[in-house]
Amino acid sequence: MGKGDRMDFFKIKVGFSKVHRITPANYEKQTKKRRPYVLEREGRDSYYAVCPECDNPIQIIGLYKETRESGRKPYGKHHKGTIPYLAKYSEEDYLECPFSNSKWKKTSGRRSTSSPLANRILLTLEEQFDRIIYILKKQTGLLINKKLAKEMLITYLKNEGWLYKEATLNNLPWIFGQCSPAIPLFGRMIQKNSELHQVIQENCPEVQFVPASFSSDYVQIKNQEGMFVTLYFTFLNHEKCVVEEEIHETMDFLVFRENRLEEDDIIFSKTLPIESVYFSNLALSKKYEDNRNQELLKLAKNMIHLYVSK
C-alpha cells in the first residue's frame, strides 16, 4: 500500500487536465518553472502543482535530489493551504483523497454541495458527456444510444452522482455507469463479434441476434420465437486502492439472467480498468474535436440545467 500523502503524478491546473509523472524533466516542461509553480519560501525555492485526484495544491519534494526521509525520487505531497492563482485548498476534498494518508480506504456517502471537486465533476460531465458514453460503449461492447444515455443521465442527476465520495474527475465515466440500477438488455444493440456477443451466444440459447439496420457492426438482442429470457446489465463493484503511490481502480460490468427461482444467473462478467489517462487524453485531444456528438452534449447541458439548481 502507499506510504501516505505521497504521489507519483501531478497536473498543472485544477479541473480536467492531463496528468504527468513527477520527474524534473516533466515538471520543467509543463511549468516552465514560472510562478505560481515555483515560489520562494524561507529563502529557497519550493515547487508546487495540483493533486490529480482531489484538485488540492501539492508540493513537489526532492525535485532535484533524493530526500533523506524518502530515499527515493521526487514525489508530491499535499500542501494544506491555498496557492494563489494555482489551487484553492479544500479540507473536505483532501480528507477523501486516496493520497491523504496510508490508512485511506474507499468510503461511501456524499460530499457537500460546496465541494470544489464535486462542482468540477458536474461541469466535466456537461462538457465531456459524449466521450463518457463513448468510453463505456467501447469497453463493454454495448451500444448506448441517445435514449439510453438520457435514461442513465437522469438517474445520475437524480442520485446526485457528482457528490459521491468515491467520484473524481478521473473515474467519471465509470461512476456514471455505476449510478444506474440494473437495466434490461432486451432490444439493445451490441457490437457484433464482441466478447459480449460471443458469450451471450454461447450461454443463452433463448436469444437471437437480429442484424442492425443502421450498421453491419451491431446486432439487436431479441428472444427466440417461443422462448423467453430476461437479461439485465449493470455496473458495480467499484474497487480503488493506492499501490506504490499510484492509483489502481476498476469497475465490473455484468450481464445476468433473471430466472424463475428469482436467483440471478451471471452470463457475462468483465472487470473494466478505470483508465484515467486514456479518458483525459481523449477528452483533451484536439484531433477528434470535429467528431464530437453534439446531440449528446446538448442533451447533457439541457438535463443538467433542468435537474440541478444553479
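Residues numbered from 1 in each chain as written. Predicted model: local features only at pLDDT ≥ 70, side-chain atom pairs only at ≥ 80, totals over all residues. Heavy atoms only, no water.

J.: Before we move on, could you go through helix H8 (residues 294-307) and cite the residues and values that matter?
T.: When the terminal C-alpha atoms of H8 are compared, their 20 Å separation across 14 residues agrees well with the 20 Å that a helix rising 1.5 Å per residue should span. For H8, the elements touching its buried residues are helix H3 (116-140) and helix H4 (146-158). With a side-chain oxygen lying 3.2 Å from the backbone nitrogen of Glu295, the N-terminal cap of H8 falls on Asn293. (Helix = DSSP H or I, 4+ residues; strand = E, 2+ residues; numbered from the N terminus. Expected span 1.5 Å × (residues − 1). Contact = heavy atoms within 4.5 Å. Polar contact = N/O pair within 3.5 Å; in protein donor to acceptor, adjacent residues only side chain to side chain.)

J.: Could you give an account of unusual backbone geometry, naming the residues involved and the relevant values?
T.: Backbone torsion omega between Arg35 and Pro36 reads 5°, so that peptide bond is classified as cis. Examined against the element boundaries, Pro36 turns out to sit in the loop between helix H1 (24-31) and strand S3 (38-41). A positive phi angle, near 55°, is found at Lys33, a position not held by glycine. As for its placement among the helices and strands, Lys33 is situated in the loop between H1 and S3. Residue Glu42 is not a glycine yet carries a positive backbone phi of 55°. Mapped onto the elements of the fold, Glu42 is located in the loop between S3 and strand S4 (44-50).

J.: Summarise helix H7 (residues 276-284); cite the residues concerned and give the values.
T.: Looking at H7, one finds that the buried residues are Phe279, Ser280, Leu282 and Ala283. When H7 is viewed along its axis, its buried side chains cluster within an angular range of 165° and face the same direction. Buried positions along H7 lie against H3 and helix H5 (172-178). (Buried < 20%, exposed > 50% of the residue type's maximum accessible area, 1.4 Å probe, protein only. Arc of directions from axis to C-beta.)

J.: Which residues make up the packing of aromatic side chains, and what values go with them?
T.: Under the defined criterion, the tally for this structure stands at 15 aromatic pairs. Between the aromatic rings of Phe16 and Phe279, the centroid separation amounts to 4.7 Å while the plane-to-plane angle is 50°, which identifies the pairing as tilted. With Phe16 in the loop between strand S1 (9-10) and strand S2 (20-21) and Phe279 in helix H7, the pair connects residues that are 263 residues apart, well separated along the chain. Assessed through its relative accessible area of 0%, Phe279 is described here as buried. Ring geometry for Trp174 and Phe279: centres 6.4 Å apart, planes at 90°, overall edge-to-face. Pair noted here: Trp174 is in helix H5 and Phe279 is in helix H7, with a separation of 105 residues, a long-range link. An identical accessibility class is assigned to Trp174 and Phe279; each is buried. An aromatic cluster is built from Phe10, Tyr27, Tyr47 and Tyr64, whose rings are joined through pairwise contacts. Of note, Arg6 hangs over the ring of Tyr75, and the distance from its end group to the ring centre comes to 4.9 Å. (Phe/Tyr/Trp six-rings, centres within 6.5 Å; stacked < 30°, edge-to-face > 60°. Lys NZ or Arg CZ within 6 Å of the ring centre and 35° of its normal.)

Honestly, that's just the spatial picture; any functional story needs more than this.
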